[in-house]
Amino acid sequence: MQKITKEVYLKWYEDMLFWRKFEDKLAAVYIQQKVRGFLHLYNGQEAVLAGALHAMDLTKDKMITAYRNHVQPIGMGEDPRRVMAELYGKATGTSKGMGGSMHIFSKEFRFYGGHGIVGGQIPLGAGMAFGDKYNGVDAVTLCCFGDGAARQGSLHETFNLAMLWKLPVVFVCENNGYAMGTSVERTANHGEIWKLGKGYEMPCGPVDGMNPIKVAEAFDEAIQRARRGDGPTFLELKTYRYRGHSMSDAQHYRTKDEVEEYKKIDPITQVKDVILEKKYATEDDLKVIDKRVKDLVLECEKFAEESPFPDKQQLYDMVYEQQDYPFIQHKI
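Scope of this entry: the structure provided in the associated data block. Only a predicted model underlies this, so the values are computations on that prediction, with no experimental measurement involved.

## Side note on the packing of helix α1 (residues 6–31) against helix α2 (residues 46–55)
Reasoning step 1: Put simply, α1 and α2 touch, their axes get as near as 10 Å, and they point 135° apart. Classified by the angle their axes make, α1 and α2 are oblique. In the packing of α1 onto α2, the handedness of the crossing is right-handed. Note on element contacts: α2 touches α1 through E46, A47, L49, A50, G51, L53 and H54, opposite V8, W12, M16, W19 and R20.
Reasoning step 2: Residues belonging to the contact of α1 with α2 are distributed by class as follows: 8 nonpolar, 2 polar and 2 charged.

## Side note on the pattern of salt bridges
Reasoning step 1: Per the stated rule, a full pass over the model turns up 23 salt bridges.
Reasoning step 2: Residue K238 pairs with E192 through a salt bridge whose shortest N-O separation is 3.4 Å. Placement of K238 in strand β7 (residues 233–238) and of E192 in the loop between β5 (182–183) and β6 (204–208) is noted, with a sequence separation of 46 residues between them.
Reasoning step 3: Relative accessible area serves as the criterion here: at 29%, E192 is assigned to the partly exposed category.

## Details of the side chain of R241
Reasoning step 1: Residue position: R241 is located in the loop between β7 and α8 (256–263).
Reasoning step 2: Buried and unpaired, R241 has D249 as its nearest opposite-charge partner, separated by 4.0 Å.
Reasoning step 3: Separated by 3.0 Å, the side chain of R241 and the backbone oxygen of R243 make a polar contact.
Reasoning step 4: Polar contacts involving the side chain of R241 include one to the side chain of Y253, which spans 3.0 Å.

## Quick notes on the state of the cysteines
Reasoning step 1: In this structure the tally under the stated criterion is 0 disulfides.
Reasoning step 2: Summary of cysteine pairing: C143 is not part of a disulfide, and the nearest cysteine sulfur, belonging to C144, is at 6.9 Å.
Reasoning step 3: Classification of C143 as buried rests on a relative accessible area of 0%.
Reasoning step 4: Of all cysteine sulfurs, the one in C144 lies closest to C173, which takes part in no disulfide; the gap is 9.9 Å.

## A few points about the nonpolar core
Reasoning step 1: Formed by 59 residues in total, the largest nonpolar core has its most connected members in W19, F22, L26, L142, V170 and F219.
Reasoning step 2: By size, the runner-up hydrophobic cluster in this structure holds 23 residues, among which are I122, A149, V184 and L196.

## So, the pairing of strand β2 (residues 141–146)
Reasoning step 1: Judged by how many residues are buried, β2 sits mostly within the fold: 5 of 6 residues are covered.
Reasoning step 2: Pairing analysis gives 3 bridges linking strand β1 (residues 62–64) to β2, with the strands arranged parallel. Within β2, the residue paired with M63 across the bridge is L142.
Reasoning step 3: Across 6 bridges, the pairing between β2 and strand β3 (residues 169–175) is parallel. Looking at β3, one finds that C143 is bridged to F171.
Reasoning step 4: Handedness of the β-α-β unit built from β2, helix α6 (residues 153–164) and β3 comes out right-handed.

Rules of the game
- Residues numbered from 1 in each chain as written.
- Predicted model: local features only at pLDDT ≥ 70, side-chain atom pairs only at ≥ 80, totals over all residues.
- Heavy atoms only, no water.
- Axes fitted to C-alpha atoms, helices over the stretch in contact; angles between N-to-C directions.
- Helix = DSSP H or I, 4+ residues; strand = E, 2+ residues; numbered from the N terminus.
- Parallel < 35°, antiparallel > 145°, perpendicular 65-115°, else oblique.
- Left-handed = near helix turned anticlockwise from the far one by under 90°.
- Contact = heavy atoms within 4.5 Å.
- Nonpolar A, V, L, I, M, F, W, Y, C, P; charged D, E, K, R; others polar.
- Salt bridge = Lys/Arg side-chain N within 4 Å of Asp/Glu carboxyl O.
- Buried < 20%, exposed > 50% of the residue type's maximum accessible area, 1.4 Å probe, protein only.
- Lys, Arg positive; Asp, Glu negative; His and termini not counted.
- Polar contact = N/O pair within 3.5 Å; in protein donor to acceptor, adjacent residues only side chain to side chain.
- Disulfide = S-S within 2.5 Å.
- Core = buried A, V, L, I, M, F, W, Y, C linked by side-chain atoms within 4.5 Å.
- Pairing = 2+ DSSP bridges.
- Right-handed = clockwise from strand over helix to strand, strands pointing away.

Below you can see the structure in the form of structure tokens.
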């Protein structure tokens, strides 16, 4: 893993701040009904992505996740304007406006969704890793999911085969405390999700998901293990989301005081404090970054607003058709 330098801290600050403001803008335009359907925001969980990206090799490693998936492809290199356009349902979006909020996708930058089925991406992530191993590709797949998906049977089937075949995959549970609106304590008789890995003799453990340094260190160890051919790791990133499960969530299951307590260990604030303490930048320097972030968010909004909606013909162009499909027998 690259050393965590002044430049890394400044990049973390700018990236995480941009992700936060990008999501805030989405919340605002959702209320204006410019973004439709479901909308699941990442506010509070930014350290998970920041630390993971630092440990990854973005020239070859892959990522797959659930439907809280807007900022991950941006971190991996996708144009944020195209991500915003996809949420608007515009033709310039990453999936030409056909995927929307829950199905952001970027093959170019090795981001494979965006999946609306809870836990549906877990076996897919292992399958991607299997493909890399089978084809001799030196890449590692990060397979991310929430605490609710940890209760899916597909997780156990996937863990079993991933260990049996020593697949180059890192399983990542982003435990933000509530599966939709149900706390971890109400879904199992144990609160330590990472211990599920022990049943498969899979290296596993908890990680402070609010601190990008702790995240980067844990991911680096897991990614290097996978790259050596030693198989998967299961990490439980203990994090927190400040907003509801989705925009329609009234959040009756928690108090405002609880949210405010977690904001005291906000990942952006933690990084900012280090920057100022170590004199990596001044308050005025950070204000320049803040303005740059604000301007980019407005640029993304403008691009999405001005982009066209898809033509109706696109509905037909994006349906797969093969005239000589070999398994269809025609009557003579």
